[in-house]
Amino acid sequence: MSRHRRLDWPALAWQSVFLGLPLAFIVAVSLAARGPYGGVEWRLSLAAYGRLFDPLYFEVFARSLALAALNTVVCAVLAYPLAYWIARAPKRRQGPLILLVLIPFWTNVLVRLYAWMFILGRSGPLNALLSALGLTGEPVDLLFTRGAVIVGLVYEHLPFMVLPLYATLEKLDWALVDAAQDLYATPAQAFRRVTLPLSRPGLTAGSILVFVWTLGDFVTPDILGGSKLVMAGNLIHQQYLVLRDWPFGSALSLALMAVVAGGLALSRRQEARA
Amino acid sequence: MPSPAPSVELKGVLKRFGQTTAVDRVDLTIGDGEFFALLGPSGCGKTTLLRMIAGFEFPDEGEVLVEGRDVARVPPNERPVNMVFQHYALFPHMTVKDNVAFGLRMKRLSEDQVQERAAEGLRTVRLDALAGRYPHQLSGGQQQRVALARALVNEPEVLLLDEPLAALDERLRQDMRVELKALQAKVGISFVFVTHDQEEALALADRIAVMRGGRIEQIGTPQEVYENPASRFVADFVGVSNLLVGKVAEVEPLLVSAPGTARRAVIDVPELGRMTAYLAEGVRPGEETTLCLRPERIHIASDGVENELENRVPGLVESTVFLGGEVRYRVRTAGGRALEVHEQSSPLRGVRRPGERVLVQWRDEDARPVRP
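What counts as what
- Positions within a chain are numbered from 1, following the residues in the order the chain's sequence is written.
- Key to labels: chains lettered from A, ligands numbered from 1, both in the order written.
- This being a predicted model, a pLDDT of at least 70 is required before a residue's local features are given, and a value of 80 or more before pairs of side-chain atoms are given or counted; all residues contribute to the totals for chains, interfaces and linings.
- Heavy atoms throughout the structure, all of them, feed into the side-chain values; hydrogens and water do not.
- To qualify as a helix, a DSSP run of H or I must reach at least 4 residues; to qualify as a strand, a run of E must reach at least 2; elements of each kind are numbered from the N terminus.
- Three exposure classes are used, based on accessible area relative to the maximum for each residue type with a 1.4 Å probe and protein chains only: buried under 20%, partly exposed in between, and exposed over 50%.
- Only heavy atoms matter for contacts: two residues are in contact if any of them lie within 4.5 Å across the pair.
- Using the Shrake-Rupley algorithm and a 1.4 Å probe, accessible areas are obtained, with residue cover drawn only from the displayed protein chains.
- Charge counting treats Lys and Arg as positive and Asp and Glu as negative, with His and both chain ends excluded.
- Where a charge lies is defined by one atom per residue type: Lys uses NZ, Arg uses CZ, Asp uses CG and Glu uses CD.
- Angular values range over 0 to 180 degrees, each being the angle between N-to-C directions of two axes fitted as lines to C-alpha atoms, with helices fitted over their stretch in contact.
- Between 65 and 115 degrees an angle is taken as roughly perpendicular, under 35 as roughly parallel, over 145 as roughly antiparallel, and anywhere else as oblique.
- Ten residues, namely Ala, Val, Leu, Ile, Met, Phe, Trp, Tyr, Cys and Pro, are considered nonpolar, four, namely Asp, Glu, Lys and Arg, are considered charged, and the remaining ones, Gly among them, are considered polar.
- Nonpolar cores are built from buried Ala, Val, Leu, Ile, Met, Phe, Trp, Tyr and Cys residues. Side-chain atoms within 4.5 Å join them into one set.
- In this analysis, rings of Phe, Tyr and Trp, with Trp reduced to its six-membered ring, are considered paired at centre separations within 6.5 Å, and the interplanar angle assigns stacked below 30 degrees, edge-to-face beyond 60, and tilted for intermediate values.
- A side-chain nitrogen of Lys or Arg and a carboxyl oxygen of Asp or Glu constitute a salt bridge if their distance falls within 4 Å.
- Here the buried area means the combined drop in accessible surface, using a 1.4 Å probe, for two parts upon being joined, counting both sides.
- Within 3.5 Å is the distance limit for a polar contact, defined as a pair of N or O atoms, with the added protein rule that one can donate a hydrogen and the other accept it, and that residues adjacent in sequence qualify only through two side-chain atoms.
- Should DSSP find at least two bridges between two strands, the strands are regarded as paired.

Re the overall build of chain A
Alright, step 1. Tallying secondary structure elements over chain A gives 13 helices and two strands in all.
Alright, step 2. C-alpha atoms of chain A, sized along the principal axes, occupy 70 × 70 × 35 Å.
Alright, step 3. Expressed as a percentage of its 274 residues, the buried residues of chain A come to 38%.
Alright, step 4. Looking at chain A alone, contacts between residues at least 24 apart form 66% of all its contacts between residues at least 6 apart.
Alright, step 5. Entry remark: accessible area of chain A is about 15500 Å², with carbon and sulfur atoms responsible for 70%.
Alright, step 6. Side-chain charges of chain A comprise 23 positive and 15 negative groups, with the mean position of each set lying 6 Å from the other.

Focus on the packing of helix α9 (residues 187–198) of chain A against helix α10 (residues 200–216) of chain A
Each pair of packed helices can be summarised by the angle the axes make with each other and by the distance between the axes.
Residues and elements named next belong to chain A.
Alright, step 1. Between α9 and α10, whose axes approach to 4 Å, the crossing angle comes to 50°. By the angle between their axes, α9 is oblique relative to α10. Contact with α9, carried on its side by Leu196, Pro197 and Leu198, involves Arg200, Pro201 and Leu203 of α10 and no other residues of that element.
Alright, step 2. Broken down by class, the residue content of the contact of α9 with α10 amounts to five nonpolar, no polar and one charged.

Here's the deal with the nonpolar core
A general feature of soluble globular proteins is that nonpolar side chains tend to end up buried together.
Alright, step 1. Ranked by size, the top nonpolar core spans 71 residues in total, and within it Leu10, Leu28, Leu38, Leu49, Phe91, Phe102 and Leu160 of chain B carry the most contacts.
Alright, step 2. A per-element tally of this core places helix α7 (residues 146–171) of chain A first, with nine residues.
Alright, step 3. Leu28 of chain B has contacts with Val8, Glu9, Leu10, Phe36, Leu38, Leu49, Ala209, Ile216 and Ile219 of chain B, leaving out every residue within four places of it along the chain.
Alright, step 4. Membership of the second largest hydrophobic core comes to 46 residues, among which are Ala118, Val125, Ala131 and Val238 of chain B.

A word on the packing of aromatic side chains
Residues and elements named next belong to chain A.
Alright, step 1. One pass over the full model with this rule turns up 13 aromatic pairs over all chains.
Alright, step 2. Here the aromatic rings of Phe160 and Trp213 are separated by 4.4 Å at their centres, their planes lie at 70°, and the arrangement is edge-to-face. With Phe160 in helix α7 and Trp213 in helix α10, this pair connects stretches of sequence that are 53 residues apart.
Alright, step 3. Every member of this aromatic cluster is reached through a ring pair, and the members are Phe105, Phe160 and Trp213.

Brief notes about the environment of Arg126 of chain B
Residue and element names in this part refer to chain B.
Alright, step 1. Its place among the elements puts Arg126 in the loop between α3 (111–124) and α4 (140–152).
Alright, step 2. You can call Arg126 exposed: its relative accessible area is 53%.
Alright, step 3. Measuring from C-alpha to C-alpha, the distance between Arg126 and Gly214 comes to 38 Å, with 88 residues separating the pair along the chain.
Alright, step 4. Ignoring anything within four residues of it in the chain, the contact list for Arg126 reads Arg145 and Glu179.

What about the pattern of salt bridges?
Pairs can form between side chains of opposite charge once their charged atoms are near each other.
All names here are of chain B.
Alright, step 1. Inspection of the entire model under this criterion finds 30 salt bridges over all chains.
Alright, step 2. Among the ionic pairs, Arg51 bridges to Glu57, the shortest N-O distance being 3.4 Å.
Alright, step 3. In this structure Glu57 comes out as buried when scored by relative accessible area, which is 18%.
Alright, step 4. Between Arg274 and Glu250 there is a salt bridge, with its nearest N and O atoms 4.0 Å apart. A residue pair is termed long-range when its members are at least 10 positions apart, and Arg274 in strand β13 (residues 273–279) and Glu250 in strand β11 (residues 242–251) qualify at 24 residues.
Alright, step 5. Residue classification places Arg274 among the exposed positions, given a relative accessible area of 54%.
Alright, step 6. Linked through salt bridges whose partners overlap, the residues forming this network are Asp24, Arg25, Glu61 and Arg215.

As for the interface of chain A and chain B
Alright, step 1. The interface is formed by 16 residues belonging to chain A together with 22 residues belonging to chain B.
Alright, step 2. Both faces considered, chain A and chain B share a buried interface measuring about 1800 Å² in area, 64% of it formed by carbon and sulfur atoms.
Alright, step 3. A per-residue breakdown of the area chain A buries against chain B is headed by Asp182, Leu183 and Tyr184 of chain A, which together make up 41% of the total.
Alright, step 4. Applying the counting criterion to the chain A and chain B interface returns one salt bridge.
Alright, step 5. At the junction of chain A and chain B, the tally comes to six residue pairs in polar contact (both at pLDDT 80 or more).
Alright, step 6. When residues of the side of chain A that touches chain B are traced back to their parent elements, those giving at least two are α8 (175–182) and α9 of chain A.
Alright, step 7. The biggest single contributor to the side of chain A that touches chain B is α8 of chain A, with seven residues.
Alright, step 8. Within the side of chain A that touches chain B, the residues separate by chemical class into 10 nonpolar, three polar and three charged.

Some details on the pairing of strand β8 (residues 190–195) of chain B
All names here are of chain B.
Alright, step 1. Across the six residues of β8, six count as buried, placing the element largely inside the fold.
Alright, step 2. On β8, burial covers both faces: Ser190, Val192 and Val194 on one face and Phe191, Phe193 and Thr195 on the other are all buried.
Alright, step 3. Looking at chain direction, strand β3 (residues 35–39) and β8 are connected through five bridges and run parallel. Directly across from Leu38, in β8, lies its bridge partner Val194.
Alright, step 4. In this structure, strand β7 (residues 158–162) lies alongside β8, joined through five bridges in parallel fashion. Opposite Asp162, over in β8, you have Val194 as the bridge partner.

Examining the environment of Val331 of chain B
Residue and element names in this part refer to chain B.
Alright, step 1. When you line up the elements, Val331 lands in strand β17 (residues 326–333).
Alright, step 2. Judged by its relative accessible area of 0%, Val331 falls in the buried class.
Alright, step 3. Spatially, the C-alpha atoms of Val331 and Phe237 are 21 Å apart, while their sequence positions differ by 94 residues.
Alright, step 4. Once you skip the residues sitting within four places of it in the chain, Val331 turns out to touch Ile300, Gly315, Leu316, Glu318, Arg337, Ala338, Leu339, Val341, Val358 and Val360.

Comments concerning the pairing of β17 of chain B
Residues and elements named next belong to chain B.
Alright, step 1. Burial along β17 is one-sided: the residues Val327, Tyr329, Val331 and Thr333 are buried and none of Glu326, Arg328, Arg330 and Arg332 is.
Alright, step 2. Of the strand pairs in this sheet, strand β16 (residues 311–322) and β17 are connected by seven bridges, and their pairing is antiparallel. Bridge pairing in β17 links Thr320 to Tyr329.
Alright, step 3. In this antiparallel pair of consecutive strands, β16 and β17, the connection spans three residues, and Gly324 shows a positive phi of 90°.
Alright, step 4. Here β17 hands over to strand β18 (residues 338–344) after four residues, with Gly336 in that stretch at a positive phi of 110°.

Everything listed here is a matter of geometry and, on its own, says nothing about what the molecule does.
Right, dumping it as structure tokens:
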């Protein structure tokens, strides 16, 4: 017991320095007032929180949550077969395959998004392909649409779903699937009754990662959505860096955190009940 | 009416994995209600053979018949066999009861029937009190019994068991052997099990197939396999044996009352000297022969004592291991050959100490010729 306590200390120290302090700062700033030329005036004010109830921001939050949920579902559907296939590949090939999933991380996200701008652009390869196939006469506007943002979000977050899914599937005892089939389950039934429930931890972890990171993303909607699609991340980014309203930016951040934490707590409770 | 077809029949079954041939044209017939062991070292093809009967592997050549029906290409969920997996493969996210009910539910029995038969299955293995537990809350022996119940509630024609006792500790293994044997007698279906443990095969099986390199070396009852090993490999793998390789010096005329058509021969064994044994008819002087001499067939006497057994070799006790009911000696003969000798322990005889001079002796019929 006491030994465990002692082992807790480094983790606690780490959390305090890298999570606790910045968070405390944001809470403090959110309760302060905005200075006339940006910056923070250190006097207690709840003005920032008052502005949260503007229906305009509700709409942005709702849109962000819906988009994050959509991205999570699309990532899960695309990542599952890939993670499954890698986990069932021969052991010595799994490492290289996972490396391929990780390679995009070697390049800056901006560079990768600009590549997508090129791909989706009016004179890009996708439009060229479409017209070569005779599907379209005129080049289609693919870029700066909601669809482009979704493609970008999925592309960016897919590895975060693949990795935890692979981690659970890789540890799965495949004899359990054999056992299910031995007990008259068809391959589809064996998947639904055994593989899927046992890979739920990976699915949950991946979903949380993708969902939370999508909510905070502001680069993708900016670049691929042409700044037309404002998401929670964009809103916060604007308050801090464009409008220099730190107290309101902080209040928005905390509100977003509260929504995410509430959602997680809810899904936890449901998980425990199931 | 008893079914005329054997439970399982394999005809010329061959299975390759890449370059290696895991199972090499095996023919095998397992009778109705038989307790059958596939015995061999790892990589001998015994597990692949079992998985082909279960349907997890399809043979590249040959037929797999269960109750007379060729199922070589039938997937596992459509075969009338069930399996107990090596580490039981119990579903960790289901209770004991749901594990046992799984097969019944997949067969779309009514929920009343599912409940009834699952409960009955759990009673058979005396686990009804633990129906609501999860597998990780059970001991190894209990998990094993859940795995048995989960397979048996489906009333399969054949029960397959992959190293059923390997994951248990020694004491439990002894108990489970008795329990398995009783269970098999009670349900009356064929049990086919894979093991690398020769003692387990001898203790449980009605018949044993000893496998090596994808082929069957010998099939027989435990007594046949132990007393009359077909080959040097079987003699070595099943039980402990002294393998004596020598040259036939003389073959006696067929006058003595030899068993069957065997001929008594004099054999020169390097480091041991001259010995006599019964060899197959047609053996000629000058041929090489391999003999299997079981350690418990060798008698040990103090040097200089009069004896009646045909083969007598003086030697020196090199090591002594007292195991309670049995004493195991290693005796070095005058010529330099080491022999394993196992003797029932007895307070009258006492235990011989290393360094003691002894005379080891055995009967002609106890050294059995085997295929090299």
